[in-house]
Amino acid sequence: MPKIYLIDVTNRDGVQTAKLGLSKLEKTMINIYLNGMGVFQSEFGFPTTKHESNYLRANLELAEMGVLRPIRLGGWIRAIVADVVTTFRLVPTIRHLNLSISTSDQMIYGKFQGRKNREDIIKDMTGAVDAAWALGAESIGVNAEDASRTDLDYLIEFGLSAKEHGACRLRYCDTLGYDDPLTIYETAKALAESVGLPIELHCHGDLGMAVATSISGAKGVIDGGQDAYINTTVNGIGERAGNADLVAVILAITKAKGFAGKYQLAGAVDLSKAWKIAKFASYAFDIPIPINQPGVGANAFAHESGIHADGVIKDPHNYELFGYEELGRGEPEMVETGREICAGEYSGISGFSHVMGKMAVSFVDNREEANKVLELVRYANVESHKPLVEDELLFIAKYPEVVKKLLTLNPLE
Ligand SMILES: [Zn+2]
């Protein structure tokens, strides 16, 4: 039975969003949380971008160590041979890639301005796929950018060419959020049937439908007999109006009326990690979670009006589709209301030891180790410009050697 897999693209589409960004340590923490949640793959960055190299290599090292496992770490590049070559030069141990190229006439003519036609696009893509296999890729997805504005026959031809060259998946990009749930269902089903590859749904929220189109597209793919892969981002953060929100997608697949039985998530996705990852992403991006956000918004389980409050007190099922506990909510959170000692880029060993001691991490016998971890915490702060959260501090204390690598930036080297 075909299943629905999740490929989270927070560390690629999320971070390329205008006015937003994450430090390399924050990107790493997102990968750690996604892994803990049971997400199939994290599109963890840009292998051809030089300032990503150390971060990408360090995260692949974490995968080798078993820390980032079983999650797959996949890179995003353009579907041209030059990008593939640069990728394996800068990040030799990368094994999973998505290769992206525009397929709509609008973009072929609007971006390449007559330098490329439809045939050239397929030639670039297949050349890149061949090169990626030759250089050591273990899985390759091929992305059709602006697929929702691409002529379906050409999209099928593009998908079949990708398949001929051994691509594992075709990514259907609703780049501008142009689809509605009914149109994407039909197209995704036709692609699954005609191309015979698993299909990824990459949907944007320009018309407020990113989650709806993602899950409807996934239904189409499964009805077409193939596995579906939904691209998500934490809190829906992404280009312009954003991407399909990770938590809302999981809720929709597991709770919506039409999904029982045939349309199921692959593997064990742990919804109880939702609260933690949503809160962390909100803090790291410095973007508040909207109060009406599904599952993790401040109002998602709030009731005030007489009839609702009375109903939910008698039986929560009267006005709640699912319980807050399922998302890992309900634990009290400690907020300092008096004196606060923080660890930052100018911290000293005394304050730092105090902070770590509150988390039951002691450096009593190892002053040298404490100084090393403190130095890494200071550097991490230089990148993130905000106090590190407990999980980040614990991560640095546990894997200082890897953290040293992922924090290292060598401009113009
Ligand atoms: Zn996108």
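Each chain carries its own residue numbering, running from 1 in the direction its sequence is written. Local features in this predicted model are restricted to residues whose pLDDT is 70 or higher, and side-chain atom pairs enter the listing and the counts only when it is 80 or higher, whereas totals over whole chains, interfaces and linings include all residues.

1. A short note on the sheet that holds strand S3 (residues 72-78)
Working step 1: Should DSSP find at least two bridges between two strands, the strands are regarded as paired. In DSSP terms, a helix is any run of H or I states spanning at least four residues, a strand is any run of E spanning at least two, and both are numbered starting from the N terminus. Taken in spatial order, the 8 strands close into a barrel running S1-S2-S3-S4-S5-S6-S7-S8, and their pairing is parallel. Within the sheet, the average angular offset between the axes of one strand and its neighbour, ignoring direction, is 25 degrees. As a rule, the C-alpha atoms of each element are fitted with a line to give its axis, helices using only the stretch in contact, and angles between N-to-C directions run from 0 to 180 degrees.

2. Brief notes about the environment of aspartate 153
Working step 1: Looking at the secondary structure, you find aspartate 153 in helix H7 (residues 152-164).
Working step 2: Counting other C-beta atoms within 10 Å of a residue's own tells you its class, since 20 or more makes it buried, 12 or fewer makes it exposed, and anything in between is partly exposed; those C-beta atoms are placed from the backbone. The class of aspartate 153 is exposed, set by 9 C-beta atoms lying within 10 Å.
Working step 3: Linking aspartate 153 and leucine 191, residues 38 residues apart in sequence, is a C-alpha distance of 9.5 Å.

3. Topic: the domain arrangement of the chain
Working step 1: As annotated, the domain borders come from an automatic or database domain assignment. According to the domain assignment, the chain consists of domain 1 (4-277) and domain 2 (349-407).
Working step 2: Here the C-alpha centre of domain 2 lies 34 Å away from the C-alpha centre of domain 1.
Working step 3: The partner domain 2 presents 11 residues to the 13 residues of domain 1 that form the contact.
Working step 4: Among the secondary structure elements, those contributing two or more residues to the side of domain 1 that touches domain 2 are helix H2 (24-37) and helix H3 (53-64).
Working step 5: The greatest single-element share of the side of domain 1 that touches domain 2, amounting to 7 residues, is contributed by H3.
Working step 6: Each residue is assigned to one class: nonpolar for Ala, Val, Leu, Ile, Met, Phe, Trp, Tyr, Cys and Pro, charged for Asp, Glu, Lys and Arg, and polar for all the others, Gly among them. Each residue belonging to the side of domain 1 that touches domain 2 can be placed in one class, and the counts come to 5 nonpolar, 4 polar and 4 charged. Contact between residues is assigned whenever the C-beta positions, reconstructed from backbone atoms, fall within 7 Å.

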